[in-house]
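# Structure assessment
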Amino acid sequence: MAKKSTAAQHFLECDNCEEHPAKFLCKTCSGHLCENCKTEHEKKKMTRSHEIVSLISNNENMVDLLYCKDHTKKKLECYCNRCKEPVCTDCIIQSHNGHSVESLSTVYKRTTDQAREQKEKIDNILLPKYRELVSNETAKESALKRRAEEIKKKIEAHTESLVEMIITIGTQTVEDLSKKEKDGLREIEQTKNNFKKQIDELQLMSRTISTDIEAKPGVSFFKLVEKNNLDRFERTLPNTDYSLTDFQPGDIKLAIQDNFGTRPILQRSGNMSSTDKEVKVKPARTNRTFTIESS
């Protein structure tokens, strides 16, 4: 059998002229023939009685052209049911004696019918079923993405509210610090003003004493020391120190983690995957769903 190829096509070559594509098969001599050679084949005396079939004829005719690989001159005419293989008559005698055998054409027809049933089952039941399953999974995929996006926005909103709350607490803490600072500064300012008043009073008293000392002494001079009583200036003066305790950040990380909220859980419901199970032929809908639970 020869094959000839061109840039445009691949075809089975005629075994006689070796030029044109073969369109027929001589079942008697197993030769592939083109249109012209088939006509000559039918005219020649030696070959006019040969059985010629079209290569596009029913494949059942081609079964008659199968030869045994062990007995190359013998056609495969039977099928061994025990060994599950086509056999020739020599095979039956030598290695399949006593085995249940059937006509190869009968088994071919039965196998063809079974294959057609399988194809019909695939095309009309299994493929539509699995296409529906893919469509259902696509819908689940979209629903799961939408649900995840909804929960994501909820988490982000909750996070923003917590951030705003913390910012508010921080602002209030700073404002409280400012208030305490102002209270301390006001008290210090009051103490400073009291000291300045006393300084002014002492300076006036000092000038008055200088004037009295330099003036001619009178009777009142002898009450000068008594009049300028310094006891009230010499007693223990107020000495208040002011300071602010440092800010100690609270350890709220674990508290926030523990109380931030319940984390979503991917829940599965319905039937498990049918990968490891026999797929039922009934056109049933898949029941497995995915749900994201959120607090």
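Throughout what follows, the structure given in this document is the object of discussion. Predicted, not measured: the structure shown is a model, and the values here were computed from it.

This brings us to the overall build of the chain. Tallying secondary structure elements over the chain gives six helices and 10 strands in all. The burial tally for the chain puts 16% of its 295 residues in the buried class. With an accessible surface of roughly 23600 Å², the chain has 53% of that area assigned to carbon and sulfur atoms.

Another aspect to go through is the environment of Phe221. Of note, Phe221 is situated in the loop between helix H3 (104-214) and helix H4 (224-227). Accessibility expressed as a relative area gives 32% for Phe221, which makes it partly exposed. Remark: the alpha-carbon pair of Phe221 and Ile209, spanning 12 residues in sequence, is separated by 9.8 Å. Sequence-distant contacts of Phe221, defined by excluding residues within four places in its chain, comprise Asp212 and Ile213.

The next thing to look at is the pattern of salt bridges. A complete count under the given rule lists 12 salt bridges for this structure. Its salt-bridge partner being Glu102, residue Arg110 comes within 2.9 Å of it at the nearest N-O pair. Classification of Glu102 by relative accessible area gives partly exposed; the value is 25%. Here Asp113 and Arg116 are joined by a salt bridge, their closest N and O atoms 3.7 Å apart. Separated by three residues within a single helix, Asp113 and Arg116 lie in helix H3, roughly one turn from each other. Judged by its relative accessible area of 55%, Arg116 is exposed. Taken together, the salt bridges that share partners define one network made up of Lys109, Asp113 and Arg116.

If you walk through the whole model with that rule in mind, you get zero disulfides. Looking at the unpaired Cys88, the closest cysteine sulfur is the one in Cys91, lying at 3.5 Å.

For the rest of this paragraph, the subject is the sheet that holds strand S6 (residues 78-80). With respect to topology, three strands assemble into an open sheet ordered S7-S6-S8, the strand pairing being antiparallel. Since the sheet does not close on itself, it has two edges, and those belong to strand S7 (85-87) and strand S8 (101-103), each with one partner. The average undirected angle you get between the axes of adjacent strands in this sheet is 35 degrees. Bridge analysis of S6 against S8 gives three bridges, and the strand direction is antiparallel. Considered in S8, the bridge of Cys78 is made with Ser103. Along the sheet face, H3 touches S6, S7 and S8 and points at about 80 degrees away from the line of S8.

Structurally, His96 is set in the loop between helix H2 (89-94) and S8. Its relative accessible area of 5% is what places His96 among the buried residues. The residues contacting His96, other than those within four sequence positions of it, are Cys80, Cys83, Glu85, Val87 and Cys91.

A word on a negative patch on the surface. A surface patch of like charges, here negative, comprises Glu149, Glu156, Glu160 and Glu164. Relative to the helices and strands, Glu164 is located in helix H3.

One non-glycine residue, Glu18, adopts positive backbone phi at about 55 degrees. Mapped onto the elements of the fold, Glu18 is located in the loop between strand S2 (10-12) and strand S3 (24-26). Positive phi outside glycine occurs at Lys84, with the angle close to 60 degrees. Looking at where Lys84 falls in the secondary structure, it is placed in the loop between S6 and S7.

Our focus in this paragraph is the sheet that holds strand S5 (residues 52-54). What links the strands of a sheet is backbone hydrogen bonding, and the strands pair in either a parallel or an antiparallel sense. An order of S4-S3-S5 is seen for the three strands of this open sheet, with the pairing classed as antiparallel. Looking at which strands have only one partner, the edges of the open sheet turn out to be strand S4 (31-33) and S5. This sheet shows a mean twist of 30 degrees between the axes of neighbouring strands, independent of strand direction. Of the pairings in the sheet, the one linking S3 to S5 comprises three bridges and is antiparallel in character.

Conventions we followed
- Residues numbered from 1 in each chain as written.
- Predicted model: local features only at pLDDT ≥ 70, side-chain atom pairs only at ≥ 80, totals over all residues.
- Heavy atoms only, no water.
- Helix = DSSP H or I, 4+ residues; strand = E, 2+ residues; numbered from the N terminus.
- Buried < 20%, exposed > 50% of the residue type's maximum accessible area, 1.4 Å probe, protein only.
- Areas by Shrake-Rupley, 256 points an atom, 1.4 Å probe, with all protein chains shown as cover.
- Contact = heavy atoms within 4.5 Å.
- Salt bridge = Lys/Arg side-chain N within 4 Å of Asp/Glu carboxyl O.
- Disulfide = S-S within 2.5 Å.
- Pairing = 2+ DSSP bridges.
- Axes fitted to C-alpha atoms, helices over the stretch in contact; angles between N-to-C directions.
- Patch = residues over 30% accessible without salt bridge, like charges linked within 9 Å, V, L, I, M, F, W, Y side chains within 5 Å.
- Lys, Arg positive; Asp, Glu negative; His and termini not counted.
- Charge placed at Lys NZ, Arg CZ, Asp CG, Glu CD.

Keep in mind these values describe shape, not function.
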